[in-house]
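The primary structure of each chain is shown beneath.
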Amino acid sequence: MFPFLFAMLDDQQQLYADFEAEAIPHMDSLYNFALKITGDSDDASDLIQETYLKSFRFFDKFEKGTNCKAWLFRIMKNTYINTYRKRAKEPDKVDYEEIENFYESIKSSYSDASHLEKELYDNLLDDEISQAISSLPEDFRTVVILCDIEGLSYEEIADFIDCPIGTVRSRLHRARKILFTKLYKYASDKGYLEK
Amino acid sequence: MKNKKHEELLTAFIDNELKSQEELRAFEEALKEDPSLEFDLKAESLTKNILKNRSVRDKMPGKRKEGILRALAAERISTQKKFTFKENIYNRKFIGFSTAAVILIAIILLLFNRPPGVNIGINISKQTGENNIVVLAANNFEKYMAGDKSVQFVSNNPEEIKNYFRTNGVDYETYIPDFDNYSLVGAFVTDHKGVKLANHIYSSPDGKYIYIFQVHENYLQGDSIVRITNDLLNYLKLGNDYKTTQKEYITVLKHKDKKVFAMVSNLDAEKLPINFYK
C-alpha cells in the first residue's frame, strides 16, 4: 500500500507544479481584466482568488497544450456572472448612431489620418485611456480588453462570450469606433490636436 | 463607412483574423472600391495600437497575490488528504491489478456471506452510459463548475427563465423552484438528438451551487432521448427520491408532473433542499 500512497503524493506534487507553471503567471492579466469589469480592486482580488481556487480544483481537467490563459478566463467569467455581475455598476448606455455621426464628421475633416496617430498616441494621458475603456458598455469592453490588451484570438473570445465569431468582429469594430471618438474628443478638448 | 460586411472585414484584417483567401480578396476589393476605407483602417489600427501599448495594465497587489498563493497551498494540502480511490488505484497498472483482485475477492466474500433477504438494490443504482440522466446531469454540472459550460441566459427571475425555455425550443412546461438562501443564476438549453432540454442553476454566497436538469417523461421512455432504467423510473413514480454521490457531488432524482428532475449540488447531502415541489 505504501508505494501506492507515495506515487499518489508524487502525482499531487506534479499537478501543483504544473499549475504553478501554467496558471500562476496569468494572475496579473486576470486581475487587470477583473478590475476593469468589476471596477473595484477588492472585488477584483476576491474574484481572482475564487477563480484560482476553482481552477486548481479542476486543473486535472485542463487539457495540456491548450491555452491556459483562455481556460482561466472562462472560469473567471462563470464566477463573475454568479457572484459579482449584480454588484457591478453598468456605465451609461452609448448612443451608437450619435457616435457614427461624430466619427463621420471627424473623417470628413481629415484627408489623411496619419498625423492623428502622433497627436493621439503621444499626448493622451493614461487616465484618459483608462476612463475611455471603463465607459464602454460591458459587452464591448469585454471583447476589446480580451483582444487588444490580453491578446486572445477571435475563437477564444467567441468561446468566452458564447457568441459566434461574427459577433466578436462586429462588437470589436463598434467598441474601437466608440473608443476612437472618445479619445479624439479628449484630445480635442485638451488641445492636443493641431487642427 | 456604412457597409457592415466591410467593417467586419476591416476589423478582422487589423487583427490578422481573415482566415480565408476569399475574405482577404473581398477586403482588398473593398479598399479599391472605397478609398475612404483607408481612413477607417488607420483610425481603427491606431485605436488598437493605443489600447495594446498605452493602456495601463493593473497588477495584482503583492499582498493579495501572496494571500492567493497561501490559499492555494492550503488547498493543495487538503487535496492531498482526500485522495480519490477510483482515479488513483485503477490508473496504476501494477498496483491496480493487485488492488482490484483484493477488492474482487472481498466483494465475492460479502455476496456469499450476506444474510438472507438483504436487498442490495443493484438494479436501481445501475445508472450508466453517456445518455443516462444521472450521468448527463453530473457531467453538465461538472462542466459548469469547471468553467467549460456557462449559462446562456442570466436572470434571477423564475418567470423569465421559464419564458427563456419556452422561446428556446423546450416543448414542455418547466418548473423553477424557489430556494431560501439561494439565488437563481440563470439557465441554459441543451440539445439531445435534436430535443431541447431545460437546465438551470442556483448559487449561494458561500460558493455552493444547485443545478437542476428537468426532462419530460416522453423523452425518457421507449426509444428515449435521455435514458433511465425502468426500475428507477417506476421507483420515482411511486413518490420516492433517488440519491447518489459521485465524486464530491450529490445527485437527487425526483418525479413530479410527468417530469424527472435531476438535481446536482456540491452541498452536503443533508443540506440539499430536496422537497422543493410545492
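A brief look at the structure comes next.

Rules behind the numbers
Residues numbered from 1 in each chain as written. Chains lettered and ligands numbered in written order. Predicted model: local features only at pLDDT ≥ 70, side-chain atom pairs only at ≥ 80, totals over all residues. Heavy atoms only, no water. Helix = DSSP H or I, 4+ residues; strand = E, 2+ residues; numbered from the N terminus. Buried < 20%, exposed > 50% of the residue type's maximum accessible area, 1.4 Å probe, protein only. Contact = heavy atoms within 4.5 Å. Salt bridge = Lys/Arg side-chain N within 4 Å of Asp/Glu carboxyl O. Buried area = accessible area lost by both parts, 1.4 Å probe. Pairing = 2+ DSSP bridges. Expected span 1.5 Å × (residues − 1). 1 Å grid on protein atoms, 1.4 Å probe; cavity = no way out; pocket = protein on both sides within 12 Å on 5 of 7 lines; lining within 4 Å. Points joined across faces, edges and corners; volume = space filled by probe spheres on them. Nonpolar A, V, L, I, M, F, W, Y, C, P; charged D, E, K, R; others polar. Core = buried A, V, L, I, M, F, W, Y, C linked by side-chain atoms within 4.5 Å. Arc of directions from axis to C-beta.

1. Section: the overall build of chain B
Then, number 1: Within chain B, the regular secondary structure consists of nine helices and seven strands.
Then, number 2: Out of the 278 residues in chain B, the part that is buried amounts to 45%.
Then, number 3: In chain B, the proportion of contacts linking residues at least 24 apart, taken out of those at least 6 apart, comes to 52%.

2. Some points on the pattern of salt bridges
Then, number 1: This structure, assessed with the given rule, holds 30 salt bridges over all chains.
Then, number 2: K61 of chain A is the partner of E142 of chain B in a salt bridge, and the nearest nitrogen-oxygen pair spans 3.5 Å. In this pair, E142 of chain B is assigned in helix α7 (residues 133–146) and K61 of chain A in the loop between α3 (41–57) and α4 (68–84), connecting two distinct chains.
Then, number 3: Residue E142 of chain B is classed as buried on the basis of its relative accessible area of 14%.
Then, number 4: The exposure class assigned to K61 of chain A is partly exposed, which follows from its relative accessible area of 36%.

3. With respect to the interface of chain B and chain A
Then, number 1: Residue-level contacts link 69 residues of chain B with 78 residues of chain A.
Then, number 2: Taken together, the two surfaces of chain B and chain A that pack against each other cover about 6,800 Å², and 57% of this comes from carbon and sulfur.
Then, number 3: Ranking the residues of chain B by area buried against chain A places F39, L51 and R54 of chain B at the top, with a combined share of 11%.
Then, number 4: Examining the composition of the side of chain B that touches chain A, we find that 14 residues originate from one element, helix α3 (residues 37–54) of chain B, more than from any other.

4. Regarding the pairing of strand β3 (residues 195–203) of chain B
All names here are of chain B.
Then, number 1: Counting buried residues along β3, eight of its nine residues qualify, which places the element largely inside the surrounding structure.
Then, number 2: In the sheet, strand β2 (residues 183–192) pairs with β3 via nine bridges, with the strands oriented antiparallel. By the bridge assignment for β3, V189 is matched with A198.
Then, number 3: Hairpin connection from β2 to β3: two residues lie between these consecutive antiparallel strands, with K193 at a positive phi of about 50 degrees.
Then, number 4: Note that β3 and strand β4 (residues 209–216) share six bridges and pair antiparallel. Along β4, the bridge assignment pairs H200 with I212.

5. Overview of helix α2 (residues 27–38) of chain A
All names here are of chain A.
Then, number 1: Along its twelve residues, α2 runs 16 Å from first to last C-alpha, staying within 8% of the 16 Å computed at 1.5 Å per residue.
Then, number 2: The buried fraction of α2 amounts to eleven of the twelve residues, a majority that puts the element mostly inside the structure.
Then, number 3: Looking only at α2, the buried set comprises M27, S29, L30, Y31, N32, F33, A34, L35, K36, I37 and T38.
Then, number 4: Just downstream of α2, G39 is the residue with a positive phi angle, here 75 degrees.

6. Things to note about empty space enclosed by the protein
Then, number 1: Counting across every chain of the model gives three cavities of 30 Å³ or more.
Then, number 2: Looking at the lining of the largest cavity, the elements with two or more residues in it are α10 (165–189) of chain A together with α3 of chain B.
Then, number 3: Split into classes, the residues belonging to the lining of the largest cavity amount to three nonpolar, two polar and four charged.

7. A closer look at unusual backbone geometry
Then, number 1: Of note, the phi angle at D162 of chain A is positive, near 55 degrees, even though the residue is not glycine.
Then, number 2: Notably, K193 of chain B is not glycine yet its phi reads approximately 50 degrees, a positive angle.
Then, number 3: Mapped onto the elements, K193 of chain B comes out in the loop between β2 and β3.

8. A look at the nonpolar core
Among soluble globular proteins, nonpolar side chains are generally buried collectively.
Then, number 1: Of all hydrophobic cores here, the largest spans 82 residues; its most connected members are I48, Y52, L116, L120, L124 and F180 of chain A together with L72 of chain B.
Then, number 2: Sort the elements by how many residues they give to this core and α10 of chain A lands first, with ten residues.
Then, number 3: Those residues in contact with Y52 of chain A, other than ones at most four positions away along the chain, are F19, A23, I24, H26, M27, L30 and L72 of chain A together with I68 and L72 of chain B.
Then, number 4: By size, the runner-up hydrophobic cluster in this structure holds 58 residues, among which are V195, V215, I228 and V252 of chain B.

9. Let's talk about the environment of R74 of chain A
Then, number 1: In this structure, R74 of chain A sits in helix α4.
Then, number 2: Between the alpha carbons of R74 of chain A and E156 of chain A there is a distance of 9.3 Å; along the sequence they are 82 residues apart.
Then, number 3: Setting aside its immediate chain neighbours within four residues, R74 of chain A contacts D159 and F160 of chain A together with G147 and D148 of chain B.

10. Some thoughts on helix α7 (residues 126–134) of chain A
Then, number 1: Turning to α7 of chain A, its buried residues are E128, I129, A132 and I133 of chain A. Along the axis of α7 of chain A, the buried residues cluster in a sector spanning 135 degrees; they form a single face.
Then, number 2: In the core, the buried residues of α7 of chain A are packed alongside α2, α8 (138–149) and α10 of chain A together with α3 of chain B.

Read these as geometric descriptors, not functional statements.
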